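Coordinate analysis (summary)
The residues making up each chain are set out below.
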Amino acid sequence: MVSGVGVQVGAYASKEAAEAGWNTLKTQYEPLGSMSHRVVQGKADIGTVYRLQAVSGDGAAARALCSGMKAAGMSCQVKN
């Protein structure tokens, strides 16, 4: 798995859907195009979810990315 501070940009029902979501998000928010990403399997009330995270080098970069995404009308959450 890619290491670094994750910025969760979506949650999906399958790993394949999460990967497809990444390809879509890269076209919607240009700074994501040069970033790595990871899919983290987890549990939620609805069952298994696949959390899509952009990966930044440190907490400051993660917070800056998320701020930019929110300013563009997108949702995100910094995950340590």
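Refer to the structure presented above.
Per chain, residue numbering runs from 1 following the sequence as it is written. Under the rules for a predicted model, residues below a pLDDT of 70 receive no local features and side-chain atom pairs below 80 are neither given nor counted, while totals for whole chains, interfaces and linings still include all residues. Excluding hydrogens and water, the side-chain figures rest on all heavy atoms present in the structure.

1. Digging into the side chain of R38
Runs of H or I in DSSP of at least four residues are treated as helices and runs of E of at least two as strands, each being numbered from the N terminus. Among the secondary structure elements, R38 is positioned in strand β2 (residues 36-44). In this structure, R38 is buried with no salt-bridge partner, the nearest side chain bearing the opposite charge being E19 at 11 Å. Here a polar contact is taken to be a pair of N or O atoms separated by no more than 3.5 Å, where protein atoms must pair a possible hydrogen donor with a possible acceptor and residues adjacent in sequence count only if both atoms sit in side chains. There is a polar contact of 2.7 Å between the side chain of R38 and the backbone oxygen of V2. Of the polar contacts made by the side chain of R38, one reaches the backbone oxygen of G4; its length is 3.2 Å. The contact rule is simple, with two residues in contact once any of their heavy atoms fall within 4.5 Å. Contacts of R38, omitting those with residues within four sequence positions, involve M1, V2, S3, G4, V5, G6, R51, L52, Q53 and V55. Exposure is judged per residue with a 1.4 Å probe applied to protein chains only, and the accessible area is read against the type maximum: over 50% gives exposed, under 20% gives buried, and values in between give partly exposed. Counting rule for charge: Lys and Arg are taken as positive, Asp and Glu as negative, and neither His nor the chain ends is counted. Each reported salt bridge corresponds to a side-chain nitrogen of Lys or Arg within 4 Å of a carboxyl oxygen of Asp or Glu.

2. Let's talk about the pattern of salt bridges
Scanning the model with the defined rule gives one salt bridge in all. With a shortest N-O distance of 3.6 Å, E19 and K15 are connected by a salt bridge. Within this pair, E19 and its partner K15 are both found in helix α1 (residues 15-28), separated by four residues, close to a single helical turn. For K15, a relative accessible area of 41% corresponds to the partly exposed category.

3. Some words on the state of the cysteines
The disulfide criterion is simple: two cysteine sulfur atoms within 2.5 Å. This model, assessed by the stated rule, comprises one disulfide. Bridging C66 to C76, the disulfide has an S-S length of 2.0 Å. Every disulfide takes its handedness from the sign of the S-S torsion; for C66 and C76 that torsion is 105 degrees, giving right-handed. With C66 in helix α2 (residues 59-71) and C76 in the loop between α2 and β4 (77-79), the pair connects residues that are ten residues apart, well separated along the chain. Each member of the pair C66 and C76 is classed as buried.

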